Amino acid sequence: MSAQMKNPIRRLVVFCCAGALALSLAGCFGAAPPVPKEQYFRLVTIETPQAIGNPLPGIVEVAPLLSEGVLGERPLLFTSNGGQKLEQRNYAYWTDPPPAMLRDQLVTYLTAAGIAQRVVPSELRIASQYRLQGRILRLEQVSPTGGGNGGVIALELSLIDKANDGILTSGRYEVAKEATGANIDDAVQALNNGLNEILAAFVADLAQAR
């Protein structure tokens, strides 16, 4: 048999041996686990607030909430020891950074509650009579490894009269909610429920301050 005929046969034998070896190694080590799918979540106001009867005579501007460190980042946080240690979840993110996302929900909720003639984001730079400012204190899932599943949200909110820098109302609001299930979707729903309770309490405080 000529060398020209032997070379193709030799290449075929080598290819078959390599394929058999690859299959054998795959059987030994098993298939690689699938990469988790990235998930994106929103904080949303899911309840229609009751309108207050004495709206402010002017425009309220709402600035993005202040935050420190990881509280302002998009990965969802979880804790298993009461909030002393926070960890970022892999493959689970907020659709927007929490300071901007919460600002948008404040505008939506306070507009529906009719707290003033208009409620606008501060980025519009409209002449306004009042300024709503706040700070994110807690925003995390309670990890299932900690004995349950749920969410904790805490905000500091203040409404300022820009004419004299007087405080119309100010407070620290914290809500811990248990989730109805054990997965992260249920924890985000618990956080949304907590957000609605906080905003309802803030509007009630504002109505009393008026």
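Everything that follows concerns the structure shown earlier in this document.
Notes on the structure in this doc start here. (Residues numbered from 1 in each chain as written. Predicted model: local features only at pLDDT ≥ 70, side-chain atom pairs only at ≥ 80, totals over all residues. Heavy atoms only, no water.)

### A short note on the packing of helix α2 (residues 98-113) against helix α3 (residues 184-209)
Reasoning step 1: One way to put it is that α2 packs onto α3 with a least axis distance of 11 Å and a crossing angle of 50°. One way to sum up the angle between α2 and α3 is to call them oblique. Crossing of α2 over α3 shows right-handed handedness. Here α2 contributes L102, Q105, L106, Y109, L110 and A113 to the contact with α3, which in turn contributes L195, N196, L199, A200, F202 and V203.
Reasoning step 2: Here the residues of the contact of α2 with α3 sort into 10 nonpolar, 2 polar and no charged. (Axes fitted to C-alpha atoms, helices over the stretch in contact; angles between N-to-C directions. Helix = DSSP H or I, 4+ residues; strand = E, 2+ residues; numbered from the N terminus. Parallel < 35°, antiparallel > 145°, perpendicular 65-115°, else oblique. Left-handed = near helix turned anticlockwise from the far one by under 90°. Contact = heavy atoms within 4.5 Å. Nonpolar A, V, L, I, M, F, W, Y, C, P; charged D, E, K, R; others polar.)

### Quick word on the pattern of salt bridges
Pairing between side chains of opposite charge can happen when the charged atoms of each approach one another.
Reasoning step 1: A complete count under the given rule lists 9 salt bridges for this structure.
Reasoning step 2: We note a salt bridge from K162 to E61, for which the minimum N-O separation is 3.6 Å. Of the two residues, K162 is situated in the loop between β7 (150-161) and β8 (166-178) and E61 in strand β2 (residues 56-62); the sequence distance between them amounts to 101 residues.
Reasoning step 3: One salt bridge connects R103 with E123, and the closest N-O pair in it is separated by 2.6 Å. Note that R103 is positioned in helix α2 and E123 in the loop between β5 (116-121) and β6 (130-142), a separation of 20 residues in sequence.
Reasoning step 4: Beyond isolated ion pairs, a larger network of salt bridges with shared partners links R138, E140, R172 and E174. (Salt bridge = Lys/Arg side-chain N within 4 Å of Asp/Glu carboxyl O.)

### Concerning α3
Reasoning step 1: Its 26 residues place the ends of α3 37 Å apart at the C-alpha level, agreeing with the 38 Å of an ideal helix rising 1.5 Å per residue.
Reasoning step 2: Two or three places before D185, at the start of α3, stands the capping residue N183, its side-chain oxygen 3.1 Å from that residue's backbone nitrogen. (Expected span 1.5 Å × (residues − 1). Polar contact = N/O pair within 3.5 Å; in protein donor to acceptor, adjacent residues only side chain to side chain.)

### A word on the environment of G194
Reasoning step 1: On the secondary structure map, G194 appears in helix α3.
Reasoning step 2: Once the C-alpha coordinates of G194 and E174 are considered, the two residues, 20 residues apart in sequence, prove to be 8.1 Å apart.
Reasoning step 3: Apart from residues lying up to four places away in sequence, G194 is in contact with I153, V175 and K177.

### Remarks on α2
Reasoning step 1: The terminal C-alpha atoms of α2, which comprises 16 residues, lie 22 Å apart, in line with the 22 Å expected from a rise of 1.5 Å per residue.
Reasoning step 2: The complete set of buried residues in α2 reads P98, P99, M101, L102, R103, Q105, L106, V107, Y109, L110 and A113.
Reasoning step 3: Phi turns positive one or two residues past the end of α2, at G114, with a value near 65°. (Buried < 20%, exposed > 50% of the residue type's maximum accessible area, 1.4 Å probe, protein only.)

### Overview of the packing of aromatic side chains
Reasoning step 1: Taken as a whole and assessed by the stated rule, the structure comprises 2 aromatic pairs.
Reasoning step 2: Ring geometry for Y40 versus Y93: centroids 5.7 Å apart, planes at 25°, classification stacked. Taken together, the positions of Y40 in strand β1 (residues 39-41) and Y93 in strand β4 (residues 87-94) put the pair 53 residues apart, joining distant regions of the chain.
Reasoning step 3: Centre to centre, the rings of Y173 and F202 are 6.1 Å apart; their planes meet at 85°, and the pair counts as edge-to-face. Taken together, the residues Y173 in strand β8 and F202 in helix α3 connect sequence positions 29 residues apart.
Reasoning step 4: Relative accessible area serves as the criterion here: at 9%, Y173 is assigned to the buried category.
Reasoning step 5: Above the face of the F78 ring, R89 is positioned so that its terminal group lies 4.5 Å from the ring centre. (Phe/Tyr/Trp six-rings, centres within 6.5 Å; stacked < 30°, edge-to-face > 60°. Lys NZ or Arg CZ within 6 Å of the ring centre and 35° of its normal.)

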